[in-house]
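Residues per chain, in single letters:
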Amino acid sequence: MAYRRLPALTATMTLALTTALAPSPAQATPPGPNAVVVWNLNAQNEIYEVARQSPATAARSFAMVQGAVYDAVNAVAGVPYQPYLTAPKARRAYSADAAVAAAASEVLLSLFPEQAATVRAQYDAALAAIPDGWAERGGVAVGRQAAAAMIAARVGDGAFGSATWNVSTAPGQWRPTPPTYAQDGAWFADLRPFVLPDAAMFRTSGPPALTSAAYARDLNEVKVIGGVTSTVRTTDETQAAIWWHDRRLTEWAMKRQLAESRHLSTLQTARMFAMVDITNVDALIACYSEKKYWNFWRPVTAVQEADGDGNPATAGDPSWMPLLVTPPFPDYTSGHTCSFSAIALTWQRFFGRDDLPMSAYSADSGTTRAFSSFSSALAEVVEARIWGGVHFRTADVQGVRIGAGTARYVLAREFRPRH
């Protein structure tokens, strides 16, 4: 059976571009390393390399760090943009680099107190490169105030709660999947959003009915192309599936690459990173709300147990396994397409265009993938989750819509120029 491509997908995903949020050239690129990029790398070290947080959990941590950094740098720059939480009193002569270091390190210390030695060493190294004096002290004070506001805002937000997924043996309902038979991240479905008033505001009509033709198409497609022994999937598609599945998300590197290749200033970088990470976390919260509400089974369960789904157009294969290890939570909607569609639209809005090149290396696949535009990368991740055998197409497509809706909502209300 031939699997379905989606020739119109790129067109439907390529969202209307606007220059309303494009960076202003007024801020010159500072000499030396971009402190926002440096501290984003430091954050990745603490969030993933050491703490090994899952992609969803890491999204909350990055949003906290980058939101505080943005508020600090925006304050030092004279508050040209709407603050996310606060605009501490500051002078333009204060050290923006000191503000970045203080804001990022204070949030990281609140998240990972057991990693304090590394964070403090990073902070000390950052301040050692800044001349001592009132400008440094002022920047530090602003950064600490911005961090304190972020830390206070996330108290009691539902993070790391004791919720579990609704395990069921009913056809169409989720249950833990081989080979790990684990479940994780159910608390994220109830996490208080950073901007959205309600995580369920983009609630969809749900996955196709098990007896429908649409469901049969979804299942038969992933069965043919997403299996570990698939003879239809190409080598490049296999590499793409593994590349996008890397838990050291390649989006992190692409974000930093865009800041450096476009020569963004400290303020521009802080703003872009905060826009991306806060939009991303809310898109994932909305996605996980869908996962909890619909509790739909994963392809590995669906293919293995297809003889019991009541659909004459599907056939079970108890030995079928996907190319990738299935994540430990329900299928619908796809977290990765929710996330990347929100990121792609944010980049489109920030840069005022879609056709910016970007690339990243994945240690998991051992390859570098490059894209000529944000929309082409988004189109590939939709396919890659099917090639990997971990999502149905409907979960991917609906995830794109949730991510785009979240981004439109957030960007219409946050991070905008004040004048």
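For the structure given in this document, a descriptive report is provided here. This is a predicted model, so every value here is computed, not measured. Sequence order sets the numbering: in each chain, residues are counted from 1 along the sequence as written. Per-residue local features of the predicted model are confined to residues with pLDDT of at least 70, and side-chain atom pairs are confined, for both listing and counting, to 80 or more; whole-chain, interface and lining totals are unaffected and use all residues. To obtain the side-chain values, all non-hydrogen atoms of the structure were included, while hydrogens and water were left out.

Let us now look at the layout of surface pockets. The method works on a 1 Å grid over the protein atoms by themselves. A cavity is a set of points holding a 1.4 Å probe that cannot get out, a pocket is an open set with protein on both sides within 12 Å along at least five of seven lines, and residues with an atom within 4 Å of a point line them. Grid points are joined across faces, edges and corners, and a volume is the space filled by probe spheres set on the points. Of the volumes computed, that of the largest pocket is approximately 680 Å³. Lining the largest pocket are 39 residues, with Pro 55, Ala 56, Arg 247, Leu 249 and Phe 329 positioned closest to its centre. Numbering of helices and strands runs from the N terminus, with a helix taken as a DSSP run of H or I at least four residues long and a strand as a DSSP run of E at least two residues long. Mapped onto the lining of the largest pocket, the elements with two or more residues apiece are α3 (55–76), α8 (235–245), α9 (250–261), α10 (266–294) and α12 (335–351). Looking at the lining of the largest pocket, the element that brings in the most residues is α10, giving six residues. Only Asp, Glu, Lys and Arg are considered charged in this grouping, and only Ala, Val, Leu, Ile, Met, Phe, Trp, Tyr, Cys and Pro are considered nonpolar; every other residue, Gly among them, is considered polar. Of the residues assigned to the lining of the largest pocket, the class counts are 19 nonpolar, 11 polar and nine charged.

To continue, consider the pattern of salt bridges. For this analysis, a salt bridge means a side-chain nitrogen from Lys or Arg found within 4 Å of a carboxyl oxygen belonging to Asp or Glu. In this structure the tally under the stated criterion is 12 salt bridges. With its nearest N and O atoms 2.7 Å apart, the salt bridge here joins Glu 221 to Arg 393. Of this pair, Glu 221 sits in helix α7 (residues 213–225) while Arg 393 sits in helix α14 (residues 393–411), and the two are 172 residues apart along the sequence. Accessible area is worked out with a 1.4 Å probe on protein chains only. A residue is then buried under 20% of its type maximum, exposed over 50%, and partly exposed in between. In this structure Arg 393 comes out as buried when scored by relative accessible area, which is 3%. For the salt bridge of Arg 353 with Asp 355, the shortest nitrogen-to-oxygen distance reads 2.9 Å. Under the relative-accessibility criterion, Arg 353 is labelled partly exposed at 31%.

Moving on to the packing of helix α2 (residues 35–50) against α3. Only the stretch in contact is used when fitting a helix axis, every axis being a line fitted to C-alpha atoms; angles between N-to-C directions are given from 0 to 180 degrees. α3 packs onto α2 with a crossing angle of 150° between their chain directions and a minimal axis gap of 11 Å. By the angle between their directions, the pair α2 and α3 is classed as roughly antiparallel. Along this stretch, α2 crosses α3, giving a crossing that reads as right-handed. Each of Val 36, Asn 40, Ala 43, Gln 44 and Ile 47 in α2 lies in contact with α3, whose residues at this interface are Ala 58, Ser 61, Phe 62, Val 65, Gln 66 and Val 69. Any angle from 65 to 115 degrees is called roughly perpendicular, while one under 35 is roughly parallel, one over 145 is roughly antiparallel, and all others are oblique. Handedness of a crossing follows from how the near helix is turned relative to the far one, being left-handed for an anticlockwise turn of less than a right angle and right-handed for a clockwise one. Whether two residues are in contact is decided by their heavy atoms, any of which lying within 4.5 Å being enough.

Turning to helix α13 (residues 374–387), a few remarks are in order. Here the expected span of a helix is defined as 1.5 Å times the quantity of residues minus one. Between its first and last C-alpha atoms α13 spans 20 Å; for 14 residues at 1.5 Å apiece the expected length is 20 Å, and the two agree. Judged by how many residues are buried, α13 sits mostly within the fold: 13 of 14 residues are covered. Positive backbone phi, approximately 80°, marks Gly 389, located one or two places after α13.

So, about the nonpolar core. Counting 131 residues, the largest nonpolar core has Met 272, Phe 340 and Trp 347 as the members making the most contacts within it. Ranked by the residues each element gives to this core, the list is headed by α10, at 15 residues. Contact partners of Phe 340, with chain neighbours within four places excluded, come to Trp 244, Glu 251, Met 254, Trp 347, Met 358, Phe 374, Ala 377, Leu 378 and Val 381. The definition of a nonpolar core used throughout is a set of buried Ala, Val, Leu, Ile, Met, Phe, Trp, Tyr and Cys residues joined through side-chain atoms within 4.5 Å.

Here we come to the packing of aromatic side chains. Two aromatic rings, drawn from Phe, Tyr or Trp (for Trp, its six-membered ring), form a pair once their centres lie within 6.5 Å of each other, and the interplanar angle then sorts them: stacked below 30 degrees, edge-to-face above 60, tilted otherwise. Counting across every chain of the model gives 24 aromatic pairs. Relative to Phe 296, the ring of Tyr 215 has its centre 6.2 Å away and its plane inclined at 85°; by these criteria the two rings are edge-to-face. Note that Tyr 215 is positioned in helix α7 and Phe 296 in the loop between α10 and α11 (299–304), a separation of 81 residues in sequence. When its relative accessible area of 7% is taken as the criterion, Phe 296 is described as buried. Pairing Phe 350 with Phe 351 gives two aromatic rings, centres 4.9 Å apart and planes at 85°, and the pair type is edge-to-face. The exposure classification of Phe 350 matches that of Phe 351, with both residues buried. An aromatic cluster is defined as three or more aromatic residues linked by ring pairs; in this entry it consists of Trp 243, Trp 244, Phe 340, Trp 347, Phe 350, Phe 351, Phe 371 and Phe 374. Positioned above the aromatic ring of Tyr 293 is the side chain of Arg 203, whose terminal nitrogen or guanidinium carbon lies 4.2 Å from the ring centre. Here, a charge over a ring is recorded when the distance from Lys NZ or Arg CZ to the ring centre is within 6 Å and its angle to the ring normal is within 35 degrees.

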